[in-house]
Structure formats: C-alpha cells, structure tokens
Amino acid sequence: TTDNQYEPNVAMNNFGEITVSWHGTGVGFTSGSAAWIQAYDNDGTVWGDNTSVNNGSSASRTDIAADKSADTTRGGNFVITFDSNSADDASGIFAKFIPRCDVTGCDITNSSELLVNTSTTGVQTFSSIATDGMGNFTISWVDQNSDSDGYDVFAQNFRYNKGLPYGALSRS
C-alpha cells in the first residue's frame, strides 16, 4: 500500500497465522483513509496483496481479532473493526468478518459491514475487539455524544459470523 499508514494491530489464530490491520491512504481512495489488512502464514510468508475492507467510506483506528474456537480452520475467521465518521455514511463503529485468508490473500467478497453502535449521532471512536474460545466476540468503543457529560465507553457481545448482538449493551 502506498502513502501513509497508521495504527497497526495484529491478530493470530490457533495455527500461528497472522493478519495485520491498519488505516491509511492508498490506491483507490482519493479522499480520507481506508481500513486495510494483510495476512501472513505462520512462517512469515506474505499471503496475497493488501486488502481494503471498508466499502468506500473513510475509515480510521482499526482493530482485529482472530477466532480461537476449536473448529477454526487454517486461514480463516478474523474480525476487523474500524471507525468511520465521514459525511458519506453513518458515523460509527463497523465490523467485518474475514472468513478466509490464504496464499491468494484475504477473501472478503461475501462479507458485509456490520454497524456495531446503535446511535450514529456524534462521534464513536477507539474501537477494540476480543474473541472467546467459542467464536463469539465483543467490541468496545467510545461514544462522545451519548449524553451531556462527555465521553462514555460502550461494549456489545456478538455471535461469530452472524453479527447478531446478544446480551445487553454495556455502558461504563
């Protein structure tokens, strides 16, 4: 990827394969920045090319996590989050499933963006993600305008590969 790259994050699955996420400018994005991923085999071999994961909206502050459940197959099951606060889409925290990464790169063809936060008013930022041993994941973020007293931290649990929230939305 050309141009400026910022704030990398890395996730490793049960097989030692890693996927790195970051945000930055590059090919195909004339304004704003994109959320990018690059996958590597457990010996450090680069898998395919850098892949932009957001659907044309400006993105920043990525985080990525690997599914560490027992049924994870080689090269699969990563989840990326990214912030998007551009005028051309909803303001918020988005997640995208990455069902497969292998020597050809990361396949996101059939992966849609999931809006994580329920309010798109104001700024939602600083997303973070973690997975459990069952393939579920939790995303946390900061919301600037949820009430009149400044910033609040929220978290939501999701079922892996379904994008279905479960449990109550948590607020600090």
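Structure: above.
Thresholds applied
- Residues numbered from 1 in each chain as written.
- Predicted model: local features only at pLDDT ≥ 70, side-chain atom pairs only at ≥ 80, totals over all residues.
- Heavy atoms only, no water.
- Helix = DSSP H or I, 4+ residues; strand = E, 2+ residues; numbered from the N terminus.
- Buried < 20%, exposed > 50% of the residue type's maximum accessible area, 1.4 Å probe, protein only.
- Contact = heavy atoms within 4.5 Å.
- Areas by Shrake-Rupley, 256 points an atom, 1.4 Å probe, with all protein chains shown as cover.
- Phe/Tyr/Trp six-rings, centres within 6.5 Å; stacked < 30°, edge-to-face > 60°.
- Core = buried A, V, L, I, M, F, W, Y, C linked by side-chain atoms within 4.5 Å.
- Pairing = 2+ DSSP bridges.
- Polar contact = N/O pair within 3.5 Å; in protein donor to acceptor, adjacent residues only side chain to side chain.

Colleague: Is there a simple way to explain the overall build of the protein chain in this structure?
Modeller: Of the regular secondary structure elements, the protein chain holds zero helices and 14 strands. Written out in order from the N terminus, the α and β elements of the protein chain read β-β-β-β-β-β-β-β-β-β-β-β-β-β. The 172 residues of the protein chain split such that 45% are buried. Of the contacts formed within the protein chain by residues at least 6 apart in sequence, a portion of 44% connects residues at least 24 apart. Surface accessibility of the protein chain: about 8100 Å² in total, with carbon and sulfur atoms responsible for 52%.

Colleague: How do you make sense of the environment of Phe 126 when you look at a structure like this?
Modeller: Inspection of the secondary structure puts Phe 126 in strand 11 (residues 124-131). Separated by 45 residues in sequence, Phe 126 and Thr 81 place their C-alpha atoms 9.6 Å apart. Setting aside chain neighbours within four positions, we find Phe 126 in contact with Arg 61, Asp 83, Ser 140, Trp 141 and Val 142.

Colleague: Whenever I open this one, the packing of aromatic side chains confuses me. Can you help?
Modeller: Any aromatic ring pair is given by two values, namely how distant the centres are and how the planes are angled relative to each other. Inspection of every chain in the model, using the stated rule, returns three aromatic pairs. Ring centres of Phe 82 and Phe 94 lie 5.8 Å apart, and the angle between their planes is 15°; this geometry places the pair in the stacked category. Here Phe 94 lies in strand 7 (residues 92-98) and Phe 82 lies in strand 6 (residues 78-84), a separation of 12 residues in the sequence. On the accessibility criterion, Phe 82 (0% relative accessible area) is buried. Relative to Phe 158, the ring of Phe 137 has its centre 5.3 Å away and its plane inclined at 15°; by these criteria the two rings are stacked.

Colleague: What am I meant to see in the nonpolar core here?
Modeller: Soluble globular proteins: nonpolar side chains tend toward being buried together. One finds Ile 37, Val 53, Ile 64, Ile 80 and Ile 98 to be the most contacted residues of the largest nonpolar core, which totals 16 residues. Going through the elements one at a time, strand 3 (29-40), strand 5 (60-66), strand 6 and strand 7 are the ones with two or more residues in this core. With residues near it in sequence (within four places) discarded, Ile 80 still touches Ser 21, Ala 35, Trp 36, Ile 37, Val 53, Thr 62, Asp 63, Ile 64, Phe 94, Ala 95, Lys 96 and Ile 98. Counting 13 residues, the second-largest nonpolar core is a separate cluster that includes Ile 93, Ala 95, Phe 97 and Ile 129.

Colleague: How do you make sense of the pairing of strand 6 when you look at a structure like this?
Modeller: In summary, the side chains of a regular strand alternate between the two faces of the sheet. In terms of burial, strand 6 is largely enclosed, as seven of its seven residues are buried. What you see with strand 6 is no split at all: Phe 78, Ile 80, Phe 82 and Ser 84 on one side and Val 79, Thr 81 and Asp 83 on the other are buried throughout. Pairing analysis gives seven bridges linking strand 6 to strand 7, with the strands arranged antiparallel. Bridge assignment links Ile 80 to a residue of strand 7, and that residue is Lys 96.

Colleague: When you look at the environment of Gln 156 in this model, what are you seeing that I'm missing?
Modeller: On the secondary structure map, Gln 156 appears in strand 13 (residues 152-159). Accessibility expressed as a relative area gives 7% for Gln 156, which makes it buried. Taking the C-alpha atoms as reference, Gln 156 lies 9.1 Å from Arg 171; in sequence the two are 15 residues apart. From its side chain, Gln 156 meets the backbone oxygen of Tyr 166 in a polar contact 3.2 Å long.

Colleague: I'm lost on the side chain of Asn 117 in this one. Help?
Modeller: Note on placement: Asn 117 falls in the loop between strand 10 (113-115) and strand 11. Polar contacts involving the side chain of Asn 117 include one to the main-chain amide nitrogen of Ile 93, which spans 2.7 Å. Of note is the side chain of Asn 117, whose polar atom sits 3.5 Å from the side chain of Gln 124.

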